Amino acid sequence: MEILSPSQYPEYEAFVASHPAGGITQSTLWHKVKGGWGHEVVVSRNADGQIVGGVSVLIRRFPIIGTSMLYSPRGPVCDYHDPEVLADLKSGIDVLAKRYRAHVWKMDPDISIQDTAFADITKKMGFRRFLGGDGFETIQARFNYRLYFQGRGEEEILAGFTQMTRRNIRKAQKAGVEIIVAGKEGLDDFARLMRITGERDGFATRPKAYFERMLDALGQHCRLYLAMYQGKAIAGAITTNYAGKTCYVYGASDNEHRDVMPNQLMQWEMIRWALQTGCTVYDFQGVSGNLSEDNPLYGLYRFKKGFGGTLDELAGEFDYVYRPFCYWLADRAVDFVEWLRKIKRRFR
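If you're wondering where the values come from, they're calculated on a predicted model, not measured in any experiment. (Residues numbered from 1 in each chain as written. Predicted model: local features only at pLDDT ≥ 70, side-chain atom pairs only at ≥ 80, totals over all residues. Heavy atoms only, no water.)

Draft legend 1. Geometry of the sheet that holds strand S10 (residues 232-242). With respect to topology, seven strands assemble into an open sheet ordered S8-S9-S10-S11-S12-S7-S13, the strand pairing being mixed. Two strands bound the open sheet, and with one partner strand each, they are strand S8 (178-182) and strand S13 (310-313). Pairwise comparison of adjacent strand axes, ignoring direction, gives a mean angle of 30 degrees for this sheet. Pairing geometry for strand S9 (residues 222-229) and S10, over eight bridges, is antiparallel. Residue pairing in the sheet places Tyr-225 in a bridge with Ala-237 of S10. (Pairing = 2+ DSSP bridges. Helix = DSSP H or I, 4+ residues; strand = E, 2+ residues; numbered from the N terminus. Axes fitted to C-alpha atoms, helices over the stretch in contact; angles between N-to-C directions.)

Structure, rendered in structure tokens:
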């Protein structure tokens, strides 16, 4: 086990970028997006000194409680069925837990709920597992809709879309919708579209500064797309591309001109970027696990389903608790803050 210094991060970055379990949130670039969080990297090496497992750890302080939460989004990066490597990484987390007075280490690896072997290993190690419900109760969405390319090209991928989705893509093209890759100069438009979307759909949105940090920190691994119509941005998306995976992270649209179907065309252009860069999967990210048509979130699933992908249910969150009372107290504090946010949104 080794806790890396920043000068060693390129070695870790090369490992994560080439590993099947690698992803943008385990990159050393990601912590730069999360303003106010600390950061450390732990690795496990084999007898030859090569990295065989690694985990990027975000550190969030709880000043009132006097402790910290250690969080590894979609981590660790390793063979999830190797208990020795997992234990080695955990020993490094133990060191960090003492250093930062942590009450918990939380991880949520990109692993199927059907992988009972991993669940058994973590249970023996003392982790608590949280599945949540069928919505968005976990930090990272537990139900993700994904399009696996499986060696297919653009024409084959397009043929796998539903007839309605293909028709809407053609409709946007015929209407003159243009999809552009914008730089930071497009963030005013995107922030405006996010505010409109949040007000329409009833959720809190991030400020422009957050998206600016994303573009700055992730560089070539991140793109801002805008759908232009009659000289105006009517939809936008922020997408990441890293470790063979392209992920649709944020999306927004105007209340006007929705009839020209900009979102379907924009998704297609982002899927084309994934194909052109050699990715193996396009991740539409979260949907509800409740697939009833009566579910208010069903429309989100129906939209993504039109692209002919697969619904993946992941294993959930795994918590290793160091300070049980502080762990309980921190959870109550988070719940209280979320309750206050709901109250504020209700009275806006």
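Draft legend 2. Expanded view of the sheet that holds strand S14 (residues 317-321). Taking strand neighbours across the sheet as the criterion, the seven strands line up as S1-S2-S3-S4-S5-S14-S6 in an open arrangement whose pairing is mixed. Each edge of the open sheet carries a strand with a single partner, namely strand S1 (2-3) and strand S6 (128-130). One ladder, built from three bridges, connects S6 with S14; its direction is antiparallel. Bridged to Arg-129 within S14 is Phe-318. Contacts from helix H2 (residues 83-99) reach S1, strand S2 (38-45), strand S3 (51-62), strand S4 (67-72), strand S5 (102-107) and S14, with the element oriented near 150 degrees to S2. (Contact = heavy atoms within 4.5 Å.)

Draft legend 3. Looking closely at helix H5 (residues 163-175). Over its 13 residues, H5 extends 18 Å from the first C-alpha to the last, a length consistent with the 18 Å expected when each residue adds 1.5 Å. Considered for burial, the residues of H5 that qualify are Thr-165, Asn-168, Ile-169 and Ala-172. End-on, the buried residues of H5 take up no more than an arc of 100 degrees, which puts them together on one face. Seen from the open side of H5, the exposed residues pointing more than 90 degrees away from its buried face are Gln-163 and Lys-174. Immediately beyond the C-terminal end of H5, within one or two residues, lies Gly-176, with a positive phi of roughly 95 degrees. (Expected span 1.5 Å × (residues − 1). Buried < 20%, exposed > 50% of the residue type's maximum accessible area, 1.4 Å probe, protein only. Arc of directions from axis to C-beta.)

Draft legend 4. Inspection of the environment of Ala-233 at higher detail. As for its position among the elements, Ala-233 is in strand S10. Measuring from C-alpha to C-alpha, the distance between Ala-233 and Ile-179 comes to 9.4 Å, with 54 residues separating the pair along the chain. Discounting chain neighbours no more than four positions away, the residues touching Ala-233 are Asp-189, Arg-192, Leu-193, Leu-226, Ala-227, Met-228 and Asp-254.

Draft legend 5. Here's a closer look at the packing of aromatic side chains. On inspection of all chains with the given rule, the structure shows 19 aromatic pairs. Measuring from ring centre to ring centre gives 5.0 Å for Phe-190 and Phe-211, while their planes differ by 85 degrees; the resulting arrangement is edge-to-face. Remark: Phe-211 occurs in helix H7 (residues 208-218) and Phe-190 occurs in helix H6 (residues 187-201); sequence separation between them is 21 residues. Like Phe-211, Phe-190 is buried. Plain terms: the ring middles of Tyr-282 and Phe-284 are 4.8 Å apart, the flat faces sit at 80 degrees to each other, and that makes the pair edge-to-face. As far as the burial class goes, Tyr-282 and Phe-284 line up, both buried. Every member of this aromatic cluster is reached through a ring pair, and the members are Tyr-145, Phe-161, Trp-268, Tyr-282, Phe-284, Tyr-298, Tyr-301, Phe-303 and Phe-307. If you follow Arg-206 out to its NZ or CZ, it ends over the ring of Tyr-210, 4.1 Å from the centre. (Phe/Tyr/Trp six-rings, centres within 6.5 Å; stacked < 30°, edge-to-face > 60°. Lys NZ or Arg CZ within 6 Å of the ring centre and 35° of its normal.)

Draft legend 6. View of the side chain of Thr-25. Within the element layout of this structure, Thr-25 appears in the loop between helix H1 (9-18) and S2. For Thr-25, a relative accessible area of 12% puts it in the buried group. Polar contacts involving the side chain of Thr-25 include one to the main-chain carbonyl oxygen of Pro-73, which spans 3.1 Å. Residues in contact with Thr-25, not counting those within four places in the same chain, are Trp-30, Pro-73 and Arg-74. (Polar contact = N/O pair within 3.5 Å; in protein donor to acceptor, adjacent residues only side chain to side chain.)

Draft legend 7. The pattern of salt bridges, seen in detail. Under the counting rule described, the total for this entry stands at 20 salt bridges. The closest approach of N and O atoms between Glu-11 and Arg-45, which form a salt bridge, is 2.8 Å. One end of the pair, Glu-11, is in helix H1; the other, Arg-45, is in strand S2, and 34 residues separate them in sequence. Residue classification places Arg-45 among the partly exposed residues on the basis of a relative accessible area of 24%. Ionic pairing is found between Asp-201 and Arg-200, a salt bridge with its closest N-O pair at 3.6 Å. (Salt bridge = Lys/Arg side-chain N within 4 Å of Asp/Glu carboxyl O.)

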